[in-house]
Amino acid sequence: QTDSLNLPVYDYSEPQEYEIGGIKVEGAYFAEENAIIGVTGLSVGQDIRVPGPDIPRAIKNLWRLRLFTNVSIEEEKTIGDVIFLIVRVEERPRFLRHSFTGAKQGRHDDLNEEVNKYLVRGGIVTEDAKVNAAEAVRGYYVEKGYLDATVTVEEIADTSRANSVRLVFDVKRNDRVKIAEINIIGNDAVKERKLQKQMKETNEKRKLFKGSKFQPELYEDDKDAMIAYYNTLGYRDARVLNDSIYRNDDGELVLDIRINEGNQYYFRNITWKGNSIYDNETLAQVLGIERGDVYNEEELQTRLSFSQDNADVSSLYMDNGYLFFNVDPIEVAIEGDSIDLEMRIFEGPQATIDKVVINGNDRTHEHVIRRELFTRPGQKFSRSDIIRSQRQIIGLGYFNQETLGIETPVNPDRGTVDIIYTVEEKPSDQLELSAGWGGQRGVIGTLGVTFNNFSLRNLFNREAWHPLPQGDGQRLSLRAQTNGKFYQSYNASLTEPWLGGKRPTSLSVSAFYNKYDFGTEAVPRKLIIQQAAVSLGTRLRWPDDNFVFRTGINLQTLALNNWTELFVTDQNETVTTGNYNNFSLQFSLSRNTATDPIYPKQGSNIELSLQATPPYRKLGIRDDPNLLEDVEDRFRFVEYHKWRLNAEWYTPISRDQKLVLKTQAKIGYLGSYDDAVGVSPFERFQLGGDGVNNQQFAFAGVDIVSLRGYEIEDLPNNFITTQSGGVRKIATPIFSKYTVELRYPLSLNPSSTIFVLAFAQGGNAWRTARDFNPFDLKRSVGVGARVFLPMFGTLGFDWGYGFDKDPNLSENGNLSTFNIVLGFEPE
Amino acid sequence: CRSEFETIRTSNNPEQILAKANEYYLAEEYQRAQTLYELVIAPFRGQAAAEQIAYRYAYTYYYTGQYVLASYYFKQFATTYGGSSLREEADFMSAFSNYQLSPVYRLDQSYSVQAIEAFEEFANRYPESERVAQANSLIDEMRAKMELKDFESAKLYMDIERYESALTSFGNVLKDYPETQRAEEIRYLMAKVQYEYTSRSFRARKPERLRVTIELSENFITRYPDSPYVDEVTRYLNESIEELKELENV
């Protein structure tokens, strides 16, 4: 016989083996005996050890059912080495549901959450759980400032199911208790107002825009914050002597806080010990604390290890791989109000990277990430390499920037560090499926897909298709666009970023076919452009490895039949019919340090490119003077050199780096080798409008560049007067455009990045180099918004107001224009 | 006009729901069975039927390809019904569900690690089980995959001419996978990488690196005298000895 005072005594030094001869269950009314035995994991015939692990485990399993208020397993009897067990349980009614009275409907969800912490449906109801749940509900109200709230709970047998109860929580909320006054006593050095400001959550009721509820836990934090504030001023002995909280006549709270400020202390001598890599001057400079400064423990710690901008003493070492670095400031003397510090430094060895681990890539193949990283095994650890690697990973565009994790677990015994990158894949493919109204030309249908993480090698491996072969970082883009009769466009491109896998040399192969046919059978009017292009891009090692050099060859033919638009020379000759060959080489040098392709917060992206055809005439290939006679013969083999400069900078303005300033300059120049031939009518620029034509009528033989606030028609240089006195649209050989844009993100969630912008822009187009005047700009200001959806690309709009518009020139004298952005940002 | 499934689902009659769930389960309509089993878990708590419900509930996740949850529910079954005759199977299936999630070697191998741990635990707990052989062979399969992954990443460093990184990574493969079949190839590649690394080093760093080449080459030749790579490694050795002599004589 056992009871709680007289427990059976087992000698743990001598456990005995028994065979279970039988198991009885007592106290179960609603649970089935066999089920209970099953849960214990014990069975008749089984060998067990007493004392041993089996019985406690069985009891634990039973507790876990949450059906009993008491569980014990006892020995009924033993016969030789056969033991008979009794499982005693105390069952309680089961909790079926609960309800609230006196609580607003809107609060029920929050209150349910509190109740569910203690009570589980289908589990048992204990007194303890009831009290806890009621207290939690009351706590919810107290936190909201209803200090006088009361909650009672009633248990009611539920008739709908046997052995079940429901609980009714009765809430009496009562009035909210506000803080009438906070009195601080004993403050001489600091004004009361200043101290109250340190209390973030505990405020007097007269403060505007701030609640004045009393929350005991936060009040404790606020008192600590007040003392912490004193500490930053050198009062390191400051403390709260006592505080009292009482009600005034109106039932509102009054807080009296009595403070002892203590003395103000100052730094005196700071000495360094144990430093061999950096000298005392360097360290003192980084620390930035001078003799005579007010003693500020928080500032000291910040300057040693926790500086926001990483310009602290620890970072100085850590950035260089001294990961085992440690500094301990010891107060060696306190004399009067002066404190001498000795900085005891342990430098330790420079850590070597052992393993670089990449986790979380469940679509992108590991080598695609690993080859981009600047942290490599066997190298010395450096923080700047990690930052660079982080940028590379984000730059791939396959991973969520916000959840990218980097850990650096160190192994002090071996002096090594592992670097663990944890990535989260995000959708990076784009699908374009649209039907749009293309003005007078009717409906335009588009079907386009871009796979940014394609895997060519898995093309014939069915298992790797989900839904397409992916993971090798190749980019495949296919696009078809047509409105049937008038316009057809097909293009395809494939890019392999690491050709051969040894160098970051990218190979792109692309081709397109565009057909415009606005004529009738009687009067044909047609333009067909076909192009095949191959280009190679190499990451340079000098001047630094952010530079990329690209070389490409473009083979383009243009077939015109009675095409009267746009291809006009500066001599006002129009190229209308015939086949033209535009064979060019392209070179570009670019440097890209922008952090994120979708919402860059810092860095820059600069590209200078030259596209040039052979100078056929200078080379003596086409030097027959007769060829100059006819404009169409003259440009049969188009010759030009075309320069583009595009530079953009991103500067974070706000502390959280969200508000970003984008500064951009774009310049284009199309030149000729030979005055006798003149500037080509093809490959020119058309400035103005929303640049959307770039997509709808891609590759139209001119570069279409947007200018917000102005339509193409608003720029006088876009027109040329014909001999008959009419005006004709012409594309220009020179343009420049400058933009400053303030951007602020509303959402940086990679599944929908949203930002708003305000811009000021100036740009113009010129017909000859002599006319070019960088200060003669058409200026505009405006606002806009962008949404980036992974499957659809960038969508958005801009509203722009052009100052320099000729009201007579523009339609109905309206100075503002509205631009839509679909798919991707226009040039 | 509600379907039979909907009618049962909203019937609030545990016995009826369970009967129908079992019917769906046996008819291999696991998605529906899952929905219904979920409803009867609470009402049958502490009843004899609870065990089979939990067991089949876990299987519905397995059969519908939701291996993460399947693994979790098999594990939960095994801890709740410690004495069950189905426990061994549940422990195995919990590991096997993770095995199903283990992807090609080019991707993250977290599930492989989890599966290996679970299979090892299984083999320790049920050393007599006839499933142990299968567990071991699956462990071998996944370790081979992880080894290949580490080997390929070392080779990547070799291909992009990051010699130090390649050497460190090859060394780690030998250390982490003592059972590797590639030991000979790896030691050969290490000698080769060290040889190329040395040949592209500044003169001042050469003697020290030549000594490492010599050590790696000698080591390889003694270990694998019949290797097809022996001739090549011997060349590294001889050239390195020669060059070191010259450098030291100057």
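Described in the following lines is the structure provided in the data block. What you see is a predicted model, and the numbers here were worked out from it, not measured in a lab.

1. Quick look at the pattern of salt bridges
Residues and elements named next belong to chain A.
(1) Moving on: Tallied over the full model, the rule gives 56 salt bridges over all chains.
(2) Moving on: Close ionic contact of lysine 24 with glutamate 76 constitutes a salt bridge, the shortest N to O distance being 2.8 Å. In this pair, lysine 24 is assigned in strand 1 (residues 16-26) and glutamate 76 in strand 3 (residues 68-79), connecting sequence segments 52 residues apart.
(3) Moving on: Residue classification places lysine 24 among the partly exposed residues on the basis of a relative accessible area of 41%.
(4) Moving on: Among the residues examined, glutamate 76 registers a relative accessible area of 32% and is labelled partly exposed.
(5) Moving on: Among the salt bridges present, the one from arginine 268 reaches glutamate 335, with a minimum N-O distance of 3.4 Å. Of this pair, arginine 268 sits in strand 11 (residues 266-273) while glutamate 335 sits in strand 12 (residues 326-335), placing them 67 residues apart in sequence.
(6) Moving on: Classification of glutamate 335 as partly exposed rests on a relative accessible area of 47%.
(7) Moving on: Connected through salt bridges with shared partners, the residues Arg708, Glu741, Arg743, Arg786 and Asp798 form a single ionic network.

2. Quick word on the interface of chain B and chain A
Put simply, an interface is often sized by how much accessible area is lost when its parts join up.
(1) Moving on: Chain B puts 28 residues into the contact, and the matching count from chain A is 41 residues.
(2) Moving on: Our enumeration of links across chain B and chain A arrives at 3 salt bridges.
(3) Moving on: Of the charged contacts, one joins glutamate 161 of chain B and arginine 503 of chain A as a salt bridge, the two residues approaching to 3.2 Å between their closest N and O atoms.
(4) Moving on: Counting the contacts that link chain B with chain A gives 12 residue pairs in polar contact (both at pLDDT 80 or more).
(5) Moving on: At the level of secondary structure, the elements contributing two or more residues to the side of chain B that touches chain A comprise helix 5 (67-80), helix 8 (132-159) and helix 9 (163-176) of chain B.
(6) Moving on: With 7 residues, helix 9 of chain B is the single largest residue contributor to the side of chain B that touches chain A.

3. Thoughts on empty space enclosed by the protein
All names here are of chain A.
(1) Moving on: Inspection of the entire model under this criterion finds 5 cavities of 30 Å³ or more.
(2) Moving on: Roughly 100 Å³ of internal volume is contained in the second largest cavity.
(3) Moving on: Taken together, Phe399, Gln401, Glu402, Lys426, Asp596, Ile598, Tyr599, Leu748, Asn749, Pro750 and Thr753 form the lining of the second largest cavity.
(4) Moving on: Tallied by class, residues from the lining of the second largest cavity come to 5 nonpolar, 3 polar and 3 charged.

4. Let's talk about a nonpolar patch on the surface
All names here are of chain A.
(1) Moving on: Side chains of Val509, Val534, Phe549, Ile553, Leu555, Leu585, Phe587 and Leu589 sit close together on the surface and give an oily, nonpolar patch of about 610 Å² of accessible area.
(2) Moving on: Those elements giving two or more residues to the nonpolar patch turn out to be strand 24 (547-561) and strand 25 (578-592).
(3) Moving on: Mapped onto the secondary structure, leucine 585 falls in strand 25.
(4) Moving on: The partly exposed category is assigned to leucine 585, whose relative accessible area is 40%.

5. Overview of a negative patch on the surface
(1) Moving on: On the surface, a cluster of negative charge is contributed by Glu143, Glu201, Glu217, Asp221 and Asp224 of chain A.
(2) Moving on: Tracing the backbone shows aspartate 221 of chain A in helix 6 (residues 216-232).

Cut-off values and rules
Each chain has its residues counted from 1, following the order in which its sequence is written. Whichever chain is written first is A, and whichever ligand is written first is 1; the rest continue in order. Where local features are concerned, this predicted model is filtered to residues with pLDDT of at least 70; where side-chain atom pairs are given and counted, the filter is 80 or more; whole-chain, interface and lining totals use all residues. Side-chain measures here rest on the full set of heavy atoms in the structure, leaving out hydrogens and waters. Salt bridge, as applied in this entry: a Lys or Arg side-chain nitrogen positioned within 4 Å of an Asp or Glu carboxyl oxygen. Numbering of helices and strands runs from the N terminus; a helix is a DSSP stretch of H or I covering at least four residues, while a strand is a stretch of E covering at least two. When a residue's accessible area, from a 1.4 Å probe over protein chains only, is under 20% of the maximum for its type it is buried; when over 50% it is exposed; and in between it is partly exposed. Contact criterion: two residues are considered in contact whenever any of their non-hydrogen atoms come within 4.5 Å of each other. Polar contact is the term for a pair of N or O atoms within 3.5 Å; when the atoms are in protein, one must be able to donate a hydrogen and the other to accept it, and sequence-neighboring residues count only if both atoms are side-chain atoms. The definitions used throughout rest on a 1 Å grid laid over the protein atoms alone, on which a cavity is an enclosed set of points accommodating a 1.4 Å probe that cannot get out and a pocket is an open set flanked by protein within 12 Å on both sides along at least five of seven lines; lining residues are those having an atom within 4 Å of a point. Grid points are joined across faces, edges and corners, and a volume is the space filled by probe spheres set on the points. Residue type decides the class: Asp, Glu, Lys and Arg count as charged, Ala, Val, Leu, Ile, Met, Phe, Trp, Tyr, Cys and Pro as nonpolar, and the leftover types, Gly among them, as polar. Exposure above 30% relative accessible area and the absence of a salt bridge qualify a residue for a patch, where like charges join within 9 Å and nonpolar side chains (Val, Leu, Ile, Met, Phe, Trp, Tyr) within 5 Å. The protein chains shown are the only cover counted for residues, whose accessible areas, like all others here, come from Shrake-Rupley with a 1.4 Å probe. In this tally, Asp and Glu contribute negative charge and Lys and Arg positive charge; neither His nor the terminal groups of the chain are included. Here the site of a charge means atom NZ of a Lys, CZ of an Arg, CG of an Asp or CD of a Glu.

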